Protein chains: 2
Amino acid sequence: MTALNTDAPPDWIAADWGTTHLRLWAMRGGEVALKRSCDQGMGRLTPAQFGPVLEAEIAQFGMDLAGIPVIACGMVGSRQGWAEAPYRATPTDPRTKLIQVANHAARPVYIACGIRQDAPPDVMRGEETQIAGLLAQTPDFDGVVCLPGTHTKWVRLRADQIERFQSCMTGELFELLAKQSVLRHTLDTDGLDLAAFDAACAEALADPARAYGGLFQLRAAALLDNLDPTSAGSRLSGLLIGWELAAVRDLWAGRTVALIGSPKLAALYGRVLGANGVATQDYPTEPITLAGLHAAWQTIGACS
Amino acid sequence: MTALNTDAPPDWIAADWGTTHLRLWAMRGGEVALKRSCDQGMGRLTPAQFGPVLEAEIAQFGMDLAGIPVIACGMVGSRQGWAEAPYRATPTDPRTKLIQVANHAARPVYIACGIRQDAPPDVMRGEETQIAGLLAQTPDFDGVVCLPGTHTKWVRLRADQIERFQSCMTGELFELLAKQSVLRHTLDTDGLDLAAFDAACAEALADPARAYGGLFQLRAAALLDNLDPTSAGSRLSGLLIGWELAAVRDLWAGRTVALIGSPKLAALYGRVLGANGVATQDYPTEPITLAGLHAAWQTIGACS
């Protein structure tokens, strides 16, 4: 719990409620008063537990937050979450549409609707709020938004509309291969060998089919050549990101790319895109998420 | 334990000792007298345990097998196994070279050496014995041997030499994605939807880069279109096998392919290769492994 400002009482609560974590911010308009985070993610809760968990976590702020609304985004709105916030179909304005949770007496709770694409099928839930935050900070953005992570999203955004998007399982594949596959004996994922990353990424981008064979080569190179574990981890990261970039080349080629993600991942994506002649802009995750939730709060503020 | 023949005493024991299992056959020349299998694989044993485990398992045959030699292949010969049977470098004759385990008083135990390729780095251990078995059954084979499995091998074999080979992690990737990733909610891997397999495999082979995006689409199609779990599992299998075939096209294109693997997997690979104009020949795993171990036994028989 971090106290950032104590001038006036908060008037709403922002929530990023994903599969593994719940992040809460007590907000005073667009300013953060207090924030906290816990591991009570959607993945471990039954529908009946969301309300009590939310109120218990809000109580931990240790100040009077009675009755003020919560604006939430993320997997809390999935079918397995607290209340289903239905997907809106592309093309659509990413600025957040909310549903209100029924039967939560303590306060009004609103959840952002996800976005779906029907052909080819794809879904996002949570990222739409970050993209709304981007539009709040950079009106008229025309380009592609890349949100690297477990399921990286590439989103074509133009004239305030998400035209189409593509998800890639790069983060999850990296974790599975690095932690659960035969490569786990071979890889260290704490450090970073930029030369190894760059080389593998360029190889995969130039010839993604052949890169598939590069996975087991990491194990063989460790056995035969004592490949350094950090270099092996960076090569795996490079192969997967290069592969992903090859898969979505039609989205990023010749466009500006806004990167929303962890600094480490955003730097890797920015590095490769830059090497391929693409200008990138970094948008740190927390401020952009709050900007999106704030814009959503303003829409309900008008009628509450 | 299955009794197949009781005419004369066995004169050697064949062993396929991999990461997860130990398979033993009491052999009378080229004929199986008895066989058994257990889960005492290399992965759960310390070096000192291999000898006692082997003798305990042989004792379970319930017949006099005292002193006759064991010929083993597989991960038992790895650095983490019983005794390291060093890799031989390509190009090399795949017919088995053996090392003898030191300090096992009960009987002579021989382990087949694996094969390595230095550039690009690759290794096999166990498959060399199956390829030796193929050569015993089909002398002068000129083509490519495909051994689908956890780490599928594609091996160029000509004039009794392994010229080069390529491993692909297709089987392991399939298991990780089907059982551990977000796709686990979406897939059933028991059944088979051949139309879904064929379509996904053709897509991935035609455009492997784009196929990368097809992974998360399986989840999205389940959420949005209620994609049938069996179809989703078959699509995943098709995407990965198509991807692999694209990665090793230079190996199989225009050549005869010998398939050594489980009937189900071999049938899938044979189906796709056939659709791409490649003739395949099936070699069931157990007979080909025994043929390779038998050929190796004959080499030590001459000097024991």
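The rules we used
Along each chain, numbering runs from 1 in the same order as the chain's sequence is written. Labels follow written order: the first chain is A, the first ligand is 1, and so on. For this predicted model, a pLDDT threshold of at least 70 governs which residues receive local features, and a threshold of 80 or more governs which side-chain atom pairs are given and counted, while totals over whole chains, interfaces and linings are taken from all residues. Under the DSSP-based scheme used, a helix requires at least four consecutive residues in state H or I and a strand at least two consecutive residues in state E, with every element numbered from the N terminus. The globule rule used here is 2.2 Å times the number of residues to the 0.38 power, and the radius of gyration it is set against is calculated over C-alpha atoms. With C-beta atoms placed from the backbone, a residue is buried if 20 or more other C-beta atoms are within 10 Å of its own, exposed if 12 or fewer are, and partly exposed between those counts. Each residue is represented by a C-beta atom placed from its backbone, and any two residues with such atoms within 7 Å are regarded as in contact. Least squares is the method for superposing the copies, and the C-alpha atoms it fits come from residues with pLDDT of at least 70 in both. Marked domain ranges trace back to an automatic or database domain assignment. By this definition, two strands are paired if DSSP reports at least two bridges between them. For helices, the axis comes from a line fit to the C-alpha atoms of the stretch in contact; other axes are also lines fit to C-alpha atoms, and the angle between any two N-to-C directions lies between 0 and 180 degrees. By our criterion, buried Ala, Val, Leu, Ile, Met, Phe, Trp, Tyr and Cys residues that link up through C-beta atoms within 7 Å make up a nonpolar core. The span one expects for a helix is its residue count, reduced by one, times 1.5 Å. All residues other than Ala, Val, Leu, Ile, Met, Phe, Trp, Tyr, Cys, Pro, Asp, Glu, Lys and Arg, Gly among them, are scored as polar; the first ten of these are nonpolar and the last four charged. Any angle that falls under 35 degrees is termed roughly parallel, while one over 145 is termed roughly antiparallel, one within 65 to 115 roughly perpendicular, and all others oblique. Helix crossings fall into two classes, left-handed where the near helix is turned counterclockwise from the far one by less than a right angle and right-handed where it is turned clockwise. Here the arc refers to the set of directions running from the helix axis out to each C-beta atom.

Remarks on the overall build of chain A
In terms of helices and strands, chain A carries ten helices and 15 strands. Rg of the C-alpha trace for chain A: 21 Å, near the compact-globule value of 19 Å for 304 residues, within the 12% margin. Considered along the principal axes of its C-alpha atoms, chain A spans approximately 65 × 40 × 35 Å. Counting every position in chain A, which comprises 304 residues, the buried fraction comes to 50%. By sequence separation, contacts in chain A at least 24 residues apart represent 66% of the contacts at least 6 residues apart.

Side note on the relation of the copies chain B and chain A
Taken as rigid bodies, chain B and chain A are interconverted by a rotation of 180° and an axial shift of 0.0 Å, the fit giving an RMSD of 0.0 Å. Expressed as an axis order, the relation between the two copies is that of a two-fold axis. Both copies contact each other with a shared surface, as 100% of the interface residues of chain B are interface residues in chain A too.

Focus: the domain arrangement of chain A
As assigned here, chain A comprises domain 1 (2–125) and domain 2 (168–282). Computed from C-alpha atoms alone, the centre-to-centre distance between domain 1 of chain A and domain 2 of chain A is 32 Å.

Describing the sheet that holds strand β9 (residues 115–117) of chain B
Reading across the sheet, the three strands line up as β6-β9-β10 (chain B) and stay open at both edges, with mixed pairing between neighbours. The outermost strands of the open sheet, each flanked by one partner alone, are β6 (88–89) and β10 (122–124) of chain B. Relative to β9(B), β6(B) runs parallel, the two sharing two bridges. Bridge pairing links B:R88 to B:I115 in β9(B). Relative to β10(B), helix α6 (residues 214–225) of chain A is tilted by about 85°, and along the sheet it contacts β9 and β10 of chain B.

Some words on the pairing of strand β12 (residues 152–158) of chain B
All names here are of chain B. Along β12, six of the seven residues are buried, which leaves the element largely enclosed by surrounding structure. Alignment of strand β11 (residues 143–147) against β12, held across five bridges, turns out to be antiparallel. Counterpart to V145 in the pairing with β12 is V155. In textbook terms, the turn of a hairpin is the stretch between consecutive antiparallel strands, and for β11 and β12 this stretch comprises four residues. Note that β12 and strand β13 (residues 161–168) share seven bridges and pair antiparallel. Opposite K153, over in β13, you have S167 as the bridge partner. Between the end of β12 and the start of β13, which pair antiparallel, lie two residues, with A159 showing a positive phi angle near 50°.

Considering the nonpolar core
Within the largest apolar cluster, 201 residues are counted, with the highest numbers of intra-cluster contacts made by A:I13, A:A72, B:I13 and B:A72. In this structure, B:I13 is in contact with B:L24, B:W25, B:A26, B:M27, B:I58, B:L65, B:I68 and B:V70, ignoring residues within four places of it in sequence.

Remarks on the environment of A:R44
With respect to the helices and strands, A:R44 occurs in the loop between β4 (31–38) and α1 (50–59). On the neighbour-count criterion, A:R44 (11 C-beta atoms within 10 Å) is exposed.

Observations concerning helix α7 (residues 229–247) of chain A
Spanning 19 residues, α7(A) covers 27 Å between terminal C-alpha atoms, matching the ideal 27 Å at 1.5 Å per step. Burial analysis of α7(A) places 17 of its 19 residues in the buried class, which makes it a mostly covered element.

A word on the sheet that holds β12(B)
All names here are of chain B. Strand order in this open sheet of five strands is β13-β12-β11-β14-β15, and the pairing throughout is mixed. The strands lining the two open edges of the sheet, one partner per strand, are β13 and β15 (280–282). The sheet shows a mean angle of 20° between the axes of neighbouring strands, direction not considered. Looking at chain direction, β11 and strand β14 (residues 257–259) are connected through three bridges and run parallel. The residue bridging V145 from the neighbouring strand is A258, located in β14.

Brief notes about unusual backbone geometry
The step from A:A119 to A:P120 runs through a cis peptide bond, and the omega angle for that step is -10°. Considering the arrangement of structural elements, one finds A:P120 in the loop between β9 (115–117) and β10 (122–124). Of note in the backbone geometry, B:D160 takes a positive phi value of approximately 65° without being a glycine. Along the chain, the position of B:D160 falls in the loop between β12 and β13.

Points about the environment of A:A253
Residues and elements named next belong to chain A. Here A253 lies in the loop between α8 (249–252) and β14 (257–259). Owing to 13 C-beta atoms within 10 Å, A253 belongs among the partly exposed residues under this scheme. As a C-alpha pair, A253 and T150 span 103 residues in sequence and 23 Å in three-dimensional space.

Points about the interface of chain B and chain A
Listed as interface residues are 34 residues of chain B and, on the opposing side, 34 residues of chain A. Going through the elements one at a time, β10, β13, α3 (170–179), α5 (208–211), α6 (214–225) and α7 (229–247) of chain B are the ones with two or more residues in the side of chain B that touches chain A. With eight residues, the single largest contributor to the side of chain B that touches chain A is α6(B). For the side of chain B that touches chain A, a count of residues per class yields 20 nonpolar, seven polar and seven charged.

Things to note about the packing of α3(B) against α7(B)
For any two helices packed against each other, the geometry is given by the interaxial angle and the distance between the axes. Residue and element names in this part refer to chain B. Look at α3 against α7: their axes get within 10 Å of each other, and the N-to-C directions meet at 150°. In terms of their interaxial angle, α3 and α7 are classed as roughly antiparallel. Both α3 and α7 take part in a crossing whose hand is right-handed. From α3, T170, L173, F174, L177 and A178 reach across to α7, where they touch G233, L236, S237, L240, I241 and E244. Its residues assigned to classes, the contact of α3 with α7 shows seven nonpolar, three polar and one charged.

Here's the deal with α1(A)
Residue and element names in this part refer to chain A. When we look at burial in α1, the residues that qualify are F50, L54 and I58. Take α1 and look down its axis: the buried residues cluster within an arc of 60°, on one side only. Exposed and oriented more than 90 degrees from the buried face of α1 are P52, A56 and A59.

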